[in-house]
Structures are given as structure tokens and as C-alpha cells.
Amino acid sequence: RARLWANRARMPPAHVQEPPWGALPSNNEENEKSYLLEPPTGMKQEQEEAPPKLWRLFTGIKVNMTRGEAIFVYTRLLLLPVFFALPFILYHDDLHKVSQSWYTPLLAILAAAIPAAGAPIAGGIIFIPVLHVAGFPLDQAVAFSTATQMLGVGVFAPVSWLIRDRSVFIPSVLFVCIGIGVGIVLIIHFCVPRPPDIAIAAILCSFMLLLAATTTHGLVRGTLVAQNRPFALTPRSTGFLVLSSLVGGVITAYIAVGIDKIIFLYLTTDGVHPVRAAVTSITVVGMVSFANAGFYFSQSLVPINYWLCAICGLFVGSMLGPVLNVLLGPRIILSLFVLLLLGDIGRELSAMIMGDV
């Protein structure tokens, strides 16, 4: 702030100086101070003259960190070797359980990096089809996906964005949707008989197809990446959030994902920037996954050795997410999201046709 005011003192008068950040010139002293000291409201903008280095994005280390931020960042770095060694320590007398799950850290890196980069994808869209092909029963694949989402998009990815730019979160959406989603998941598991899997798969495919169509339409027109309307919690928006949480919570209780995609669809339709909508929606499904995973752990459906081996990959993937966001940009990230959606739709449709659902 001192450096900015020093530069301002060396600037020509306001009537000949072009305001930064595209602000309109004005003779009003308060307007001059506002555009000289603060960028536009919304997502934090990086200084063009000093772009962040990739290693700083990966580690979360910044030039001017507060003491609390420094403790948080360096503690996270110290936890990385702990998570790597954890399965070897717990299964030191049976390393075969570690070797047979060698591919789960690689899947976990991918499953955590994509949502941490700004795409509304939780781990289920990657873990469930791969584990199902590997021979896991569908309920175990869903349980494993839920347990990894609990950490990947419930803890690690939100922490990475909190370090980089906490303005991407929409607190009002989190406040409304998390409580409703958790409540619906618990009610579904303990009070409601499970409907046919084909009915749940058909509903999810319909929403994913609608989401893929709207996202592609926004990318082609160029409006999705450019939009950045502030979100206001009104009676109308609250009603849509409640409805999205109710429907998404039902689907998430059975197949681990769903509430994130429905909330993302509503927020982007309302004009919210896709990165803000994606980070907020994956945080919701991550928090809901705590209740979902608790049920699956109580039923002994989660393969613990695979889950422990995946934790290190989730940790690394969440740190890679901000780097991918800078290297690829929102457009490419959302294009990859559409491709994964179409692949998941094809998998669900083929499973329904072949009678595997």
C-alpha cells in the first residue's frame, strides 16, 4: 500500500493519467483512491508485472505471508511425507496390500487436481468407473469414492484455494447447501429404502447431459468464462439452492456425486463466474461426503488399504490444481470437464443398456 501511494505521488495529475484496471477517470478524490488502491470487486487479480511463480502456486508460499499463513503453509508441506509413509507404516507386515493398490495414488492425483484447478468434478467421476472395471462391486466403488472425496474436495482442494484466493468461495451458498445436503444424505441412508439403481442412474445422466450442453454452449459463445455476476441470496435464489440441495443430496447418497453438478449448473446459469461456481460446488459435495463416508465406514464398505494409499495422491493433486488453473486457464479446464462428463454419461448409458446398473 505504501509503494502504491509513493507511485501515485509521482503520477501526473488525474485528468491526464489513465486509471488502471479500466476504471473511469474522475475528479472525485475518493474514486481516485479506490481505483488506485483496490482492483475491481470479485476474484483476486494477479499483478501483471510480477506473475506468481509455479513453485509458489504449488507450495502456497507467498512473498508477504502473515504468521498464521506461514504456519499453515509449512505445516501442509510437512504433512506430505507423512501421508506418503502412512500405508507403509500401517501395513509393514503385509506390503502386498500396498503393492496391489499402486494405481490409486495416480488416480487420486488426477481426481484432486482437476477440481482444485476449477472444474466441478469430484472423485466419483474418475474412481467409480475405474474401480468397477477393476472388479470392485458397485457399492464398494461408491464407498471408496465417497471416502476420497471427503478429503480431496472436502479438505485439500478448499485449503489450496483458501491459501491462493479465498474470494472464490460463496459463503451464502455453502451455508444453505451443506446443511441440507448432509441432512438429506443421513435421512436417505437410515430412513428411506433404496430405489432401483437404474432410476438413480437415469436421473443423474439427465442432469449431466443438461450440464454438458449448457457448459458447451457457454464455451462456444464465450459467455461462460467472461461472466462474473455477484451472487445475491434472495428468496428466489434460496429456493433454487434448497431444491438443488434436496435433489442433489438424494443422488449423492447413492452414487457419491450429483449435488456438485446441480449447484454448478444453477450458479453458472445465474451468471456466477465458473471458477467460483466450481470451487463452491465441490466444497459442498466434499462436506456432504463426510456424512456419506461415515455411513459407508460404519458398514465396512470402504477398502481401507486402497483409501490410505490414495491420500498422498489427493494431497499432491490438490496442490497441483492452482498450477493447472494458471497454465491451462478456465476455458481448457471446463473443456476437460465436458469431456469427462460425456465419458461418464456414455458409461452410465452403456451400463443401463447392458443391465449392469
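Residues numbered from 1 in each chain as written. Predicted model: local features only at pLDDT ≥ 70, side-chain atom pairs only at ≥ 80, totals over all residues. Heavy atoms only, no water.

Let's talk about the overall build of the protein chain
Logical step 1: When its secondary structure is counted, the protein chain shows 15 helices and zero strands.
Logical step 2: For the protein chain, the residues scored as buried account for 48% of the 357 residues in total.
Logical step 3: Counted over contacts in the protein chain with a minimum sequence separation of 6, partners at least 24 positions apart contribute 78%.
Logical step 4: Summed over its atoms, the accessible surface of the protein chain is roughly 17200 Å², and 67% of this surface lies on carbon and sulfur atoms. (Helix = DSSP H or I, 4+ residues; strand = E, 2+ residues; numbered from the N terminus. Buried < 20%, exposed > 50% of the residue type's maximum accessible area, 1.4 Å probe, protein only. Contact = heavy atoms within 4.5 Å. Areas by Shrake-Rupley, 256 points an atom, 1.4 Å probe, with all protein chains shown as cover.)

As for the confidence of the model for the protein chain
Caution is warranted with low-pLDDT regions, since their predicted coordinates should not be read in detail.
Logical step 1: Overall, the predicted model of the protein chain reaches an average pLDDT of 76, with 77% of residues at or above 70.
Logical step 2: Mean pLDDT across the elements of the protein chain ranges from a minimum in helix H2 (residues 29-37), with 37, to a maximum in helix H9 (residues 171-191), with 91. (pLDDT = per-residue confidence, 0-100.)

What about unusual backbone geometry?
Logical step 1: Even without being a glycine, Ala256 presents a positive backbone phi close to 75°.
Logical step 2: Along the chain, Ala256 falls in the loop between helix H12 (235-255) and helix H13 (259-269).
Logical step 3: The class for Ala256 is buried, based on a relative accessible area of 0%.
Logical step 4: With phi around 55°, Ser300 is a residue other than glycine that occupies positive phi space.
Logical step 5: Here Ser300 shows up in the loop between helix H14 (274-298) and helix H15 (304-354).
Logical step 6: Looking at Ser300, the relative accessible area reads 63%, which means it is exposed.

Description of the nonpolar core
Logical step 1: Core analysis: the largest hydrophobic core is formed by 91 residues, its most contacted members being Val173, Phe231, Leu267, Trp307 and Phe337.
Logical step 2: Of the residues forming this core, the biggest block, 17 residues, is contributed by H15. (Core = buried A, V, L, I, M, F, W, Y, C linked by side-chain atoms within 4.5 Å.)

Focus: the pattern of salt bridges
Logical step 1: Taken as a whole and judged by the stated rule, the model has one salt bridge.
Logical step 2: Across the salt bridge formed by Asp260 and Lys261, the nearest N and O atoms sit 3.6 Å from each other. Each of the two residues, Asp260 as well as Lys261, counts as buried. (Salt bridge = Lys/Arg side-chain N within 4 Å of Asp/Glu carboxyl O.)

Section: the packing of H12 against H14
Logical step 1: Following both chains from N to C, one finds H12 and H14 inclined at 45°, their axes separated by 10 Å at the closest point. When the interaxial angle is binned, H12 and H14 end up oblique. Where H12 crosses over H14, the handedness of that crossing is right-handed. The residues of H14 that touch H12, namely those facing Thr252, Ala253 and Tyr254, are Val285, Val288, Asn292 and Tyr296.
Logical step 2: Along the lines of polarity and charge, the residues of the contact of H12 with H14 split into five nonpolar, two polar and no charged. (Axes fitted to C-alpha atoms, helices over the stretch in contact; angles between N-to-C directions. Parallel < 35°, antiparallel > 145°, perpendicular 65-115°, else oblique. Left-handed = near helix turned anticlockwise from the far one by under 90°. Nonpolar A, V, L, I, M, F, W, Y, C, P; charged D, E, K, R; others polar.)

Regarding the packing of aromatic side chains
Logical step 1: Under the defined criterion, the tally for this structure stands at ten aromatic pairs.
Logical step 2: With 5.8 Å between their ring centres and 40° between their planes, Phe84 and Phe88 make a pair best called tilted. Of the two residues, Phe84 and Phe88 both sit in helix H4 (residues 67-90), four residues apart, roughly one turn of that helix. (Phe/Tyr/Trp six-rings, centres within 6.5 Å; stacked < 30°, edge-to-face > 60°.)

Thoughts on a nonpolar patch on the surface
Logical step 1: A cluster of nonpolar side chains, namely Leu327, Leu328, Ile332, Leu336, Leu339 and Leu342, defines an oily patch on the protein surface of about 540 Å² accessible area.
Logical step 2: Here Ile332 shows up in helix H15. (Patch = residues over 30% accessible without salt bridge, like charges linked within 9 Å, V, L, I, M, F, W, Y side chains within 5 Å.)

Thoughts on the side chain of His189
Logical step 1: Within the secondary structure layout, His189 lies in helix H9.
Logical step 2: According to the relative accessible area criterion, His189 is buried, its value standing at 16%.
Logical step 3: Within the local environment of His189, its side chain forms a polar contact with the backbone oxygen of Ala253, the two atoms lying 3.4 Å apart.
Logical step 4: Ignoring anything within four residues of it in the chain, the contact list for His189 reads Ala253, Asn292, Phe295 and Tyr296. (Polar contact = N/O pair within 3.5 Å; in protein donor to acceptor, adjacent residues only side chain to side chain.)

Some remarks on H14
Logical step 1: Here H14 is 25 residues long and its end C-alpha atoms lie 36 Å apart, about the 36 Å a rise of 1.5 Å per residue gives.
Logical step 2: The largest bend in H14 amounts to roughly 30° and is located at Ser289.
Logical step 3: Taking burial as the measure, the 25 residues of H14 include 20 buried ones, the bulk of the element.
Logical step 4: Two residues or fewer after H14 comes Ser300, characterised by a positive phi angle close to 55°. (Expected span 1.5 Å × (residues − 1). Bend = angle between axes of the 7 residues up to and from the residue.)

Re helix H8 (residues 138-164)
Logical step 1: If you check H8, its first and last C-alpha atoms are 36 Å apart, about what 27 residues at 1.5 Å a residue would give, namely 39 Å.
Logical step 2: Taken as a whole, H8 carries its principal kink of about 35° at Gln149.

Some points on the packing of H8 against H15
Logical step 1: Contact pair H8 / H15: the axes reach a minimum separation of 9 Å and the direction vectors enclose 35°. In this structure, the crossing between H8 and H15 has a hand that is right-handed. Residues Phe144, Ala147, Thr148, Met150, Leu151, Gly152, Phe156, Ala157, Ser160, Trp161 and Arg164 of H8 pack against Tyr306, Trp307, Ala310, Ile311, Leu314, Phe315, Ser318, Met319, Pro322, Asn325 and Val326 of H15.
Logical step 2: Across the contact of H8 with H15, the residue classes tally to 16 nonpolar, five polar and one charged.

Quick word on the environment of Leu151
Logical step 1: Assignment of secondary structure puts Leu151 in helix H8.
Logical step 2: Between the C-alpha atoms of Leu151 and Ile311, which are 160 residues apart in sequence, the distance is 7.7 Å.
Logical step 3: Non-local contacts of Leu151, meaning those with residues more than four positions away in its chain, are made with Phe156, Trp307, Ile311 and Leu314.

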